[in-house]
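# Geometric and topological summary
Okay, here's what each chain looks like letter by letter:
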Amino acid sequence: MATATSAQAAETFPAPASGSWTVTGRGFGHGWGMSQWGAQSRAVAGQGHRQILEAYYPGTTASTRADRTVRVQLSRFSGPEVFLETRTADPLRVGARTVPQGQRLRVTWDGAALVGTAFLPGWQEVWSERWTAAPVVTGGGGVWVERLDGSGNRYAGTITFPLSGPVTPVNVLGLEDYLLGVVPRESPAWFAAEALKAQAVAARSYALSTLRPAGSAYDICDTEACQVYQGSASRTAAGAVTDLQPAATTAAVRATAGEVRLHEGAVAFTQFSSSNGGWSATGSKPYLRAAEDPFSSPAGKVPQDTVAGWTTQLPVATVARSCPGGGQPLALSITRRDGNGQWGGRITDLVVRCTTGDAPLSGSAVARFAGALRSSWWTVVPGGTTQIEAAWRALGGDGGVLGLPTSPVWALPQVEGSYQLFQRGSVYWSPATGAHEVRGAIRDRWGALGWEGGYLGFPLTGEVALRGGAFSAFQGGSVYWSPATGARAVRGAIRDKWGSLGWETGFLGYPTTDEVVLRGGAYSAFRGGSVYWSPATGAHVVRGAIRDAWAAQGWETGRLGYPTSDEHDVPGGRRSDFQGGSITWTPAGGAVVTVR
């Protein structure tokens, strides 16, 4: 298929019968400015934070700005009510009122004024008053801003509220303290120190370049619409508290205190995203320019980077939201790309061809389908078609064990993979396992256990003939079949134990059940006995008269518990050990239970 660049013909992909397109892409986010994963790769390669920033914001220079106060809209708590409290000996203070530890301050809007009410546990009211001027809440140990269930975040500085509904708290604090709550939300604290410093400078510059004009109720927001900010700690409804300001990110902010990037005397609009996939995108400023970035490409990334390249499913239902009049997609046509990188670069224009007419879409954001895809740099892949055909032909094609195809190649909706149906079976493909046939009773058992979405996963082999039966191996185990036992799944430690005893040719023979989950463990039954497993005891064989005696004691739920050994020789007979004792068998005495 020809790659569509900024001036070439459309790439058209019919809507798949599976319900999802398999999509492979590059990068995560808009791609403007700094790639955070690219900054990490550069830092690991030895670049300093200013060298990193110069690469991502060419034409900008390093400078400093004094600390200042910022007002952060805490939109995550916006609603009909907000709760505040302290969790130290220092009380909250609002005007002449105090809210000591053990009380909560509830703030609501009555349509004309804010109403603050202090409560003891059990909703016992302590005091209440109306505020017609914006209140300022302070706390020596920080202010916890919470929901009704007690979940929330702790913020340094003060909390105030605009005189309007819904109730929306605003955190007022110094810019440097604000950055302490931003940098760890934008870059992992385990990133290299120079990458974290680059993030701190970019976040500081971004904040100063995007402050709202004077007279606004706040300067900046706390979500991805600005940059993510969550204060100094979080608390779940169950009371678990997490520190949100790791030492490494705090050190990066402190080490770069006041440092910004300037362009023509003004603080630069330093946009950033998780990964540009190997090419940055053209943004709204001269220093936000498209350029190849080998440090953020799949070939040049650090090993932990999972977003430089990716593969996912794009559901037809997601794309259908773009169709006029509630129509359904017939095809996706990518009509224009920016020309930078693999497949012709990021998509800038596409058309969803629907049962109700075409829906033209323009701009990089729409090519992500409301966040369903990580970036606008992607292409649709009919995954596994060639491999499935090759596997079918290797089995004899039309005249082979599978016979004629009865379906096209279909993409799977939940995982990267595809399959095709034939007269006497199927061929399944995934990138990790390749293409393998599944047929007959083994296929039926695999299907009953959830197909590729079950614990067995994708097939690792085709059907292999054995003496008296057959098997197929899967990612999560195997399915064995014989005429006498049917098809049964065996996996994990039980499968390993069975294998160590000779598989189906050993004394256990073929499995007669799938793995059965028990309280505290599992078992599989075989023609010659059973294998029981628990985390504490491992997998062990129980059989014959010893197994019968153990059953009479209540199996694994009885006083003997799980087996701790296989059956082994003792003078005059055989014995199996259990958590609570042993069972010894002799020809003269039969099976004798000994309980510790």
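Residues numbered from 1 in each chain as written. Predicted model: local features only at pLDDT ≥ 70, side-chain atom pairs only at ≥ 80, totals over all residues. Heavy atoms only, no water.

## Quick look at the overall build of the protein chain
Worth spelling out the cut-off: By the criteria applied, helices consist of DSSP H or I runs no shorter than four residues and strands consist of E runs no shorter than two, each listed in order from the N terminus. Each radius of gyration is computed over the set of C-alpha atoms, and the globule rule expresses the reference value as 2.2 Å times the number of residues to the power 0.38. Whether two residues are in contact is decided by their heavy atoms: any pair within 4.5 Å suffices. Note that His is not counted, nor are the chain ends; the positive residues are Lys and Arg, and the negative ones are Asp and Glu. Here the site of a charge means atom NZ of a Lys, CZ of an Arg, CG of an Asp or CD of a Glu.
On a plain count of helices and strands, the protein chain comes out with 11 helices and 43 strands. Computed over its C-alpha atoms, the radius of gyration of the protein chain comes to 32 Å, more than 25% above the 25 Å expected for a compact globule of 596 residues. Dimensions of the protein chain, computed from the C-alpha atoms along their principal axes, are close to 95 × 70 × 55 Å. Sequence separation of 24 or more characterises 57% of the internal contacts of the protein chain that already satisfy a separation of 6 or more. On the protein chain, the mean spot of the 50 positive side-chain charges and the mean spot of the 44 negative ones are 1 Å from each other.

## Overview of the pattern of salt bridges
Quick reminder of the rule: When a carboxyl oxygen of Asp or Glu lies within 4 Å of a side-chain nitrogen of Lys or Arg, that pair is called a salt bridge. Accessible area is worked out with a 1.4 Å probe on protein chains only. A residue is then buried under 20% of its type maximum, exposed over 50%, and partly exposed in between.
Counted according to the given criterion, the structure contains 26 salt bridges. A salt bridge links Asp-293 to Arg-42, with the nearest nitrogen and oxygen atoms 3.0 Å apart. In this pair, Asp-293 sits in the loop between β22 (272–273) and β23 (309–315) while Arg-42 sits in helix α1 (residues 36–44), placing the two residues 251 residues apart along the sequence. Each member of the pair, Asp-293 as well as Arg-42, carries the same accessibility label: buried. With its nearest N and O atoms 3.0 Å apart, the salt bridge here joins Lys-197 to Glu-194. Taken together, the positions of Lys-197 and Glu-194, both in helix α5 (residues 193–210) and 3 residues apart, correspond to about one turn of that helix. Taking relative accessible area as the criterion, Lys-197 reaches 21% and is therefore assigned partly exposed. One connected set of salt bridges, linked through shared partners, spans Glu-85, Arg-87, Arg-104 and Glu-146.

## Some words on helix α11 (residues 544–552)
Side chains that are three or four residues apart share a direction in an α-helix, a result of its 3.6 residues per turn. What counts here: The arc in question is formed by the directions pointing from the helix axis toward the C-beta atoms.
Among all positions in α11, only Ile-546, Ala-549 and Trp-550 are buried. Down the axis, α11 shows its buried residues gathered within 100° of arc, on one side only. Looking at the buried residues of α11, the elements they touch are β38 (529–534), β39 (538–542), β41 (573–578), β42 (581–586) and β43 (590–595).

## What about the state of the cysteines?
To keep things clear, this is the line we draw: By definition, disulfides here are pairs of cysteine sulfur atoms that lie within 2.5 Å.
In the structure shown here, the tally under the stated rule is 2 disulfides. What pairs with Cys-221 in a disulfide is Cys-226, and their sulfur atoms sit 2.1 Å apart. The S-S bond linking Cys-221 to Cys-226 shows a torsion near 120°; that makes this disulfide right-handed. Note on Cys-221: relative accessible area 8%, which makes it buried. Each sulfur of the disulfide joining Cys-323 and Cys-354 lies 2.1 Å from the other. Taking the sign of the S-S torsion, -80° for the link of Cys-323 and Cys-354, the bridge is left-handed. Placement of the pair is Cys-323 in the loop between α7 (316–320) and β24 (329–337) and Cys-354 in strand β25 (residues 347–354), with a sequence separation of 31 residues. The same class applies to Cys-323 and to Cys-354, which are both buried.

## Re the sheet that holds strand β1 (residues 11–14)
Threshold: Strands are labelled as partners when DSSP assigns at least two bridges between them. Think of each axis as a best-fit line through the C-alpha atoms, taken over the contacting stretch in the case of a helix, with angles from 0 to 180 degrees between the N-to-C directions.
Across the sheet, which stays open at both edges, the 4 strands sit in the order β1-β24-β25-β26 with antiparallel pairing between neighbours. Where the open sheet ends on each side, the last strands, each with one partner, are β1 and β26 (357–362). Strand after strand, the sheet turns through a mean of 20° between neighbouring axes, direction not considered.

## A closer look at unusual backbone geometry
Of the consecutive residues Gly-165 and Pro-166, the connecting peptide bond is found in the cis state with omega at -5°. Following the sequence through the fold, Pro-166 ends up in the loop between β15 (158–160) and β16 (170–174). Of note in this structure, Trp-343 is not a glycine but carries a positive phi near 65°. Considering the arrangement of structural elements, one finds Trp-343 in the loop between β24 and β25. A relative accessible area of 17% means that Trp-343 is categorised as buried.

## Side note on the confidence of the model for the protein chain
What counts is decided by this rule: Summary of the metric used: pLDDT quantifies the predictor's per-residue confidence within the range 0 to 100.
On average, residues of the protein chain score 94 in pLDDT, and 97% of them are at 70 or above. Overall, residues 1–9 carries pLDDT values under 50, and its contacts beyond four positions in sequence, including any with other chains, amount to 22 contacts.

## Comments concerning the environment of Ser-297
What counts is decided by this rule: Between N or O atoms, a polar contact is any pair within 3.5 Å; within protein, one atom must be a potential hydrogen donor and the other a potential acceptor, and residues adjacent in sequence are included only when both atoms are from side chains.
Structurally, Ser-297 can be placed in the loop between β22 and β23. Since its relative accessible area comes to 12%, Ser-297 is described here as buried. Each residue touching Ser-297, except ones within four places of it in the same chain, is listed here: Arg-26, Gly-277, Gly-278 and Ala-308. From its side chain, Ser-297 meets the backbone oxygen of Pro-294 in a polar contact 2.9 Å long.

## Points about the sheet that holds strand β37 (residues 521–526)
What the 4 strands build is an open sheet, ordered β36-β37-β38-β39; its pairing is antiparallel. Each of the sheet's edge strands pairs with one partner strand only, and the pair in question is β36 (516–518) and β39. For this sheet the average axis-to-axis angle between neighbouring strands, irrespective of direction, equals 25°. The pairing of β38 with β39 spans 5 bridges and is classified as antiparallel. Residue pairing across strands places Ser-530 opposite Val-542, the latter belonging to β39.

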